[in-house]
Amino acid sequence: MSLFLNCVPLVSCTIVFFQYNGVSMKNKTKEDAYLEMLKPAETFMFKVQNCVDSLAEIKESQGDGFFIRALYERGAEAEQELSFKKDDILYVEDTLPNGNFGFWMAWQLDENAQRLEKGQIPSKY
């Protein structure tokens, strides 16, 4: 998985981030990559590639989605949060929903991996 950035809406391009200041962006969630880029530095070094030919494919991709197994039980503390039990399988759809840190947008799945309920879960639980 690489980190993608869509350019200004008037420009048709997509940039793939491979490295930031020597840190690989491979297998980083959006949240992890963004936090890495927030670290203070005097100079910035990006290793990127313009992938304009892959723009349609990238737009259709699931982004940084992945499956996780809950290690603990947790009840929702707010309306937008998702409750889950230990060993539930969840599908994380977005690790930086609306640019907010600390929570991921996830789906609770049934035994056939069908999506049941969507809500926020803590990213570091």
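Quick caveat: nothing in here was measured; it's all calculated off a predicted structure.

Participant: Requested: an account of the overall build of the protein, with residues and values cited.
Facilitator: Helix and strand counts for the protein come out as two helices and eight strands. Sorting the 125 residues of the protein into buried and exposed places 30% on the buried side. Residue pairs at least 24 apart in sequence account for 47% of intrachain contacts in the protein once pairs closer than 6 positions are excluded.

Participant: Hey, could you go over the environment of F46 for me, with residue numbers and the actual values?
Facilitator: Examined against the element boundaries, F46 turns out to sit in strand β4 (residues 46-50). For F46, a relative accessible area of 39% gives the class partly exposed. For the pair F46 and F17, spaced 29 residues apart in the sequence, the C-alpha separation amounts to 7.1 Å. Not counting chain neighbours up to four residues away, the residues in contact with F46 comprise F17, Q19, Y20 and M37.

Participant: Please provide a residue-by-residue account of the packing of aromatic side chains, values included.
Facilitator: Under the definition given, this model contains five aromatic pairs. Pairwise contacts between aromatic rings join Y20, F44 and F46 into one cluster.

Participant: Break down the sheet that holds strand β6 (residues 89-94) for me, citing the residues and quoting the values.
Facilitator: Spatially, β5-β6-β7-β8 is the arrangement adopted by the four strands of the open sheet, whose pairing is antiparallel. Strand pairing shows two members of the sheet lacking a second neighbour, β5 (66-69) and β8 (115-122), which therefore form its edges. Each adjacent strand pair in this sheet contributes to an overall mean axis angle of 35°, direction not counted. By the bridge criterion, four bridges tie β6 to strand β7 (residues 103-109) in an arrangement that is antiparallel. The residue bridging D94 from the neighbouring strand is M105, located in β7.

Participant: Got a sec to walk through a nonpolar patch on the surface? Specific residues and values, please.
Facilitator: A contiguous nonpolar surface patch, about 370 Å² in accessible area, is contributed by Y34, L35, L38 and F101. Note on placement: Y34 falls in helix α1 (residues 30-38).

Participant: Describe the confidence of the model for the protein, and please don't skip the residues or the numbers.
Facilitator: Here the protein averages 81 in pLDDT, while 78% of its residues score no lower than 70. Across the protein, element-level confidence peaks in β8 with a mean pLDDT of 94 and bottoms out in strand β1 (residues 3-6) with 46. Contacts from residues 1-12, a stretch scored under 50 in pLDDT, to residues over four places away or in other chains number 30 contacts.

Participant: Which residues make up the nonpolar core, and what values go with them?
Facilitator: In this structure, A70, L82, F84, L90, V92, W104, A106 and I121 together form the largest nonpolar core, which totals eight residues. Sorting the residues of this core by element identifies β6 and β7 as the ones contributing at least two each.

What counts and how
Residues numbered from 1 in each chain as written. Predicted model: local features only at pLDDT ≥ 70, side-chain atom pairs only at ≥ 80, totals over all residues. Heavy atoms only, no water. Helix = DSSP H or I, 4+ residues; strand = E, 2+ residues; numbered from the N terminus. Buried < 20%, exposed > 50% of the residue type's maximum accessible area, 1.4 Å probe, protein only. Contact = heavy atoms within 4.5 Å. Phe/Tyr/Trp six-rings, centres within 6.5 Å; stacked < 30°, edge-to-face > 60°. Pairing = 2+ DSSP bridges. Axes fitted to C-alpha atoms, helices over the stretch in contact; angles between N-to-C directions. Patch = residues over 30% accessible without salt bridge, like charges linked within 9 Å, V, L, I, M, F, W, Y side chains within 5 Å. Areas by Shrake-Rupley, 256 points an atom, 1.4 Å probe, with all protein chains shown as cover. Salt bridge = Lys/Arg side-chain N within 4 Å of Asp/Glu carboxyl O. pLDDT = per-residue confidence, 0-100. Core = buried A, V, L, I, M, F, W, Y, C linked by side-chain atoms within 4.5 Å.

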